[in-house]
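Structural features, examined
Each chain, letter by letter, is given below.
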Amino acid sequence: MTFYDIDVSAPVSANADILIDAPAHAVWARLSHVSGWPEWNTGVQWISAQVPLTTGTGFEMRSAGQTVRGRIQAVRPEDMLCWSSSALFVSARHLVTLEDLGTQTRVHVSAAYRGAWPVAMPKRARRHLKAMIQTGLEDLRNAVERRPVKRKAA
């Protein structure tokens, strides 16, 4: 088994957890359907992803006003999804783990930024990363628990 983690030596990192009232298979179904991320993740405007979801799967998406290119680094169904991505002045690593608690699932996200932007403005980059993680987790919970998605006005 290969273990994947965020870049612990990166200048900016953040993590967060959320408890979702659904079993891990339901959370995984939503999370692992990468091409469906724009349907529930308010931070993703569009995405183009190859299927099936396996290690090495590439994708391109629009997030935070930038085109982001990513690649799945590791997949363990109903347990872990890891990917790396890059955009202008930043590269990132993301690790999402699911802890099956029966009728609930604890989802943990860790991510790290490297590049010119996080080096030049670490406080701003850290705030951005933390907010992105937290919003993504809340969006995932809302989608899985079938709560309405609140989109920002364009």
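The structure contained in this document is the topic of the report that follows. (Residues numbered from 1 in each chain as written. Predicted model: local features only at pLDDT ≥ 70, side-chain atom pairs only at ≥ 80, totals over all residues. Heavy atoms only, no water.)

1. Notes on the nonpolar core
To keep things clear, this is the line we draw: Among buried residues, those of type Ala, Val, Leu, Ile, Met, Phe, Trp, Tyr and Cys that are joined through side-chain atoms within 4.5 Å constitute a nonpolar core. Accessibility here uses a 1.4 Å probe with only protein chains present; expressed as a share of the type maximum, an area under 20% marks a residue as buried, one over 50% as exposed, and anything in between as partly exposed. Strands here mean DSSP runs of E at least two residues long; helices mean DSSP runs of H or I at least four residues long; both are numbered from the N terminus. Should any heavy atoms of two residues lie within 4.5 Å, those residues are counted as being in contact.
With 37 residues, the main nonpolar core has I20, V27, W37, L81, L98, V107 and I133 as its most contacted residues. If one sorts the elements of this core by residue count, helix α4 (residues 122-144) sits on top with seven residues. With sequence-adjacent residues up to four places away left out, L98 is seen in contact with A24, V27, W28, L31, E78, D79, T105, R106 and V107. I6, A74, M80 and A112 belong to the second largest nonpolar core, which has seven residues in total.

2. Some points on the sheet that holds strand β7 (residues 105-114)
Test applied: In this scheme, strands are said to pair when DSSP sees at least two bridges between them. Here the axes come from fitting lines to C-alpha atoms, over the contacting stretch only for helices, and the angles between their N-to-C directions go from 0 to 180 degrees.
In space, the seven strands of this open sheet follow the order β1-β7-β6-β5-β4-β3-β2, with antiparallel pairing throughout. Only two strands of the sheet have a single neighbouring strand rather than two, namely β1 (12-20) and β2 (44-49). The sheet shows a mean angle of 20 degrees between the axes of neighbouring strands, taken without regard to direction. As paired strands, strand β4 (residues 66-76) and strand β5 (residues 80-87) are joined by seven bridges and run antiparallel to one another. Each bridged residue has a counterpart across the sheet, and for I72 the counterpart in β5 is W83. Its contacts with the sheet put helix α1 (residues 24-31) on β1, β4, β5, β6 (90-100) and β7, and the angle it makes with β6 is roughly 155 degrees. Against the sheet, α4 touches β1, β6 and β7, its axis set at about 20 degrees to β1.

3. As for the packing of aromatic side chains
Two numbers describe a pair of aromatic rings. These are the distance of the centres and the angle of the planes. Here is the rule we go by: Any two of the Phe, Tyr and Trp rings considered here, Trp counted by its six-membered ring, make a pair once their centres fall within 6.5 Å; the pair's planes then place it as stacked at under 30 degrees, edge-to-face at over 60, or tilted in between.
In this structure the tally under the stated criterion is three aromatic pairs. Between W37 and F59 the ring centres are 6.0 Å apart and the planes differ by 70 degrees, which places this aromatic pair in the edge-to-face class. Within this pair, whereas W37 is found in helix α2 (residues 37-40), its partner F59 is found in strand β3 (residues 58-63), the two being separated by 22 residues in sequence. Judged by relative accessible area, F59 falls into the buried class, the value being 6%. Ring geometry for W37 against W83: centres 5.3 Å apart, planes inclined by 50 degrees, an arrangement best described as tilted.

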